[in-house]
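Below are the chains, spelled out letter by letter.
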Amino acid sequence: MLRCDIITIFPDFFRETFAYGIIRRARAAGLVELEAHDLRRWTSDKHRIVDDRPFGGGEGMVLKPEPIFAAVRELTGAASRKDYASQTRVILLSPQGRVFTQAMAQDLSQQTSHIVLICGRYEGVDERVADELVTDEVSIGDYVLSGGEPAALVVIDALIRLLPGAVGNESSTTNESFTESLLDCPQYTRPPEFSGLKVPEVLLNGHHAEIARWRREAALKKTERNRPDLLK
Ligand code: 6GU
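All figures in this text were calculated on a predicted structure; none of them were measured in a lab.

Draft legend 1. Spotlight on helix α3 (residues 65–76). For α3, built from 12 residues, the straight-helix expectation of 16 Å at 1.5 Å per residue is met to within 8% by its first-to-last C-alpha distance of 16 Å. Phi for Gly77, located one or two positions after α3, is positive at around 70°.

Draft legend 2. Here's a closer look at the environment of Ser181. Residue placement: Ser181 occurs in the loop between α7 (171–174) and β9 (193–194). Sequence-wise, Ser181 and Met1 are 180 residues apart; in three dimensions their C-alpha atoms are separated by 29 Å.

Draft legend 3. How the structure looks around the domain arrangement of the chain. Domains assigned within the chain are domain 1 (2–160) and domain 2 (175–231). Computed from C-alpha coordinates alone, the two centres of domain 1 and domain 2 are separated by 37 Å.

Draft legend 4. Representation of the packing of helix α2 (residues 21–28) against helix α6 (residues 149–160) in the model. The N-to-C vectors of α2 and α6 enclose an angle of 60°; their axes lie 10 Å apart at closest approach. In terms of orientation, α2 lies oblique with respect to α6. Crossing hand, α2 versus α6: left-handed. Facing α2, whose interface residues are Ile22, Ile23 and Ala26, α6 presents Ile156, Asp157 and Ile160. Considered class by class, the residues forming the contact of α2 with α6 number 5 nonpolar, no polar and 1 charged.

Draft legend 5. View of the environment of Arg161. You can see Arg161 is positioned in the loop between α6 and α7. Taking the C-alpha atoms as reference points, Arg161 and Ser109, separated by 52 residues in sequence, lie 8.9 Å from one another. In this structure Arg161 touches Ile22, Ala166, Val167, Thr173 and Glu176, once residues within four positions along its chain are discounted.

Draft legend 6. How the structure looks around the packing of aromatic side chains. Under the counting rule described, the total for this entry stands at 2 aromatic pairs. Summarising the aromatic geometry, the rings of Phe13 and Phe14 are spaced 5.2 Å apart at their centres and angled 75° between planes, so their arrangement reads as edge-to-face. With relative accessibility at 37%, the residue Phe13 sits in the partly exposed group. Residue classification places Phe14 among the buried residues on the basis of a relative accessible area of 0%. Ring geometry for Phe14 against Phe18: centres 5.8 Å apart, planes inclined by 40°, an arrangement best described as tilted. A network of ring pairs unites the aromatic residues Phe13, Phe14 and Phe18 as a single cluster.

Draft legend 7. Highlighting the packing of helix α4 (residues 102–111) against α6. It is at 8 Å that the axes of α4 and α6 come closest, and there the two elements cross at 65°. As summarised for this structure, α4 and α6 are arranged roughly perpendicular, according to the angle between their axes. Helix-helix and strand crossings are classified by hand; for α4 and α6 the assignment is right-handed. Contact residues: Ala105, Leu108 and Ser109 in α4; Val155, Ala158 and Leu159 in α6. Considering only residue class, the contact of α4 with α6 consists of 5 nonpolar, 1 polar and no charged.

Draft legend 8. Molecular detail of the sheet that holds strand β4 (residues 62–63). Spatial ordering of the open sheet is given by β3-β4-β7, a layout of 3 strands whose pairing is mixed. Unpaired on one side and paired on the other, β3 (51–52) and β7 (124–125) mark the two borders of the sheet. Bridge analysis of β3 against β4 gives 2 bridges, and the strand direction is antiparallel. When the sheet's bridge partners are listed, Asp52 is paired in β4 with Val62.

Draft legend 9. View of the sheet that holds strand β2 (residues 32–38). Spatially, β2-β1-β6-β5-β8 is the arrangement adopted by the 5 strands of the open sheet, whose pairing is parallel. The open sheet has two edge strands, β2 and β8 (136–139), and neither has a second partner. On average, each strand axis in the sheet is inclined to that of its neighbour by 25°, with strand direction left out of account. One ladder, built from 6 bridges, connects strand β5 (residues 88–99) with strand β6 (residues 114–119); its direction is parallel. In the strand pairing of β6, Arg89 is matched with Ile115. Its contacts with the sheet place α3 against β1 (2–8), β2, β5 and β6, and it is angled at close to 165° to β6. Strands in contact with α6 are β1, β2, β5, β6 and β8; relative to β6, the strand with the most contacts, it is inclined by about 160°.

Criteria and cut-off values
- Residues numbered from 1 in each chain as written.
- Predicted model: local features only at pLDDT ≥ 70, side-chain atom pairs only at ≥ 80, totals over all residues.
- Heavy atoms only, no water.
- Helix = DSSP H or I, 4+ residues; strand = E, 2+ residues; numbered from the N terminus.
- Expected span 1.5 Å × (residues − 1).
- Domains from an automatic or database assignment.
- Axes fitted to C-alpha atoms, helices over the stretch in contact; angles between N-to-C directions.
- Parallel < 35°, antiparallel > 145°, perpendicular 65-115°, else oblique.
- Left-handed = near helix turned anticlockwise from the far one by under 90°.
- Contact = heavy atoms within 4.5 Å.
- Nonpolar A, V, L, I, M, F, W, Y, C, P; charged D, E, K, R; others polar.
- Phe/Tyr/Trp six-rings, centres within 6.5 Å; stacked < 30°, edge-to-face > 60°.
- Buried < 20%, exposed > 50% of the residue type's maximum accessible area, 1.4 Å probe, protein only.
- Pairing = 2+ DSSP bridges.

Shown next, in the form of structure tokens:
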């Protein structure tokens, strides 16, 4: 059982998405326990303030350290990174993080039993959070989101579908895009002809060796066209 705690100022952002597809099924099967926590729960002032202006000046607001430290300490039962249980990871979602990959998803799904995700907001998070609490600072790509919430969902989805039993057919997660730095081959289903558009003949003839060869070549062509960086 994997436990996943999300620290966010928008807990409602997650409720609906946890009720669909692979995440819903993994929860129902007892493979994962997910909870989105409102960061404001760990404030102690009347206005439940979670952010403040950056020292040194500049645009926007920075998430304050105190509520995040209180949240992570309560959720991990540890005062700082060096005291976490060996299978606990605290992930900060931020555009300054290491870019998330399938290998990182595999590592997390195999090595962890408790993940705490901190969703960054505004122009940043007080760096003492990264220094003291965070085991992995993660970005989902080279573009800027207004907050870490969509990124947290991406990480959770990629990870949960790798848990044994989460996806119907186990081999469907071992033979897929990125596991051997090639994209998946194109897929077709019925009808064999639609509006004059035909399914490649080779897929209809039941000749398994020919089909395997066609798929490998088609995957290579697609990778050359869309992701030449993967072939280097
Ligand atoms: Cl994790 N957060 C934000 N705010 N922007 C991002 C991101 C994360 N990953 C890519 N862009």
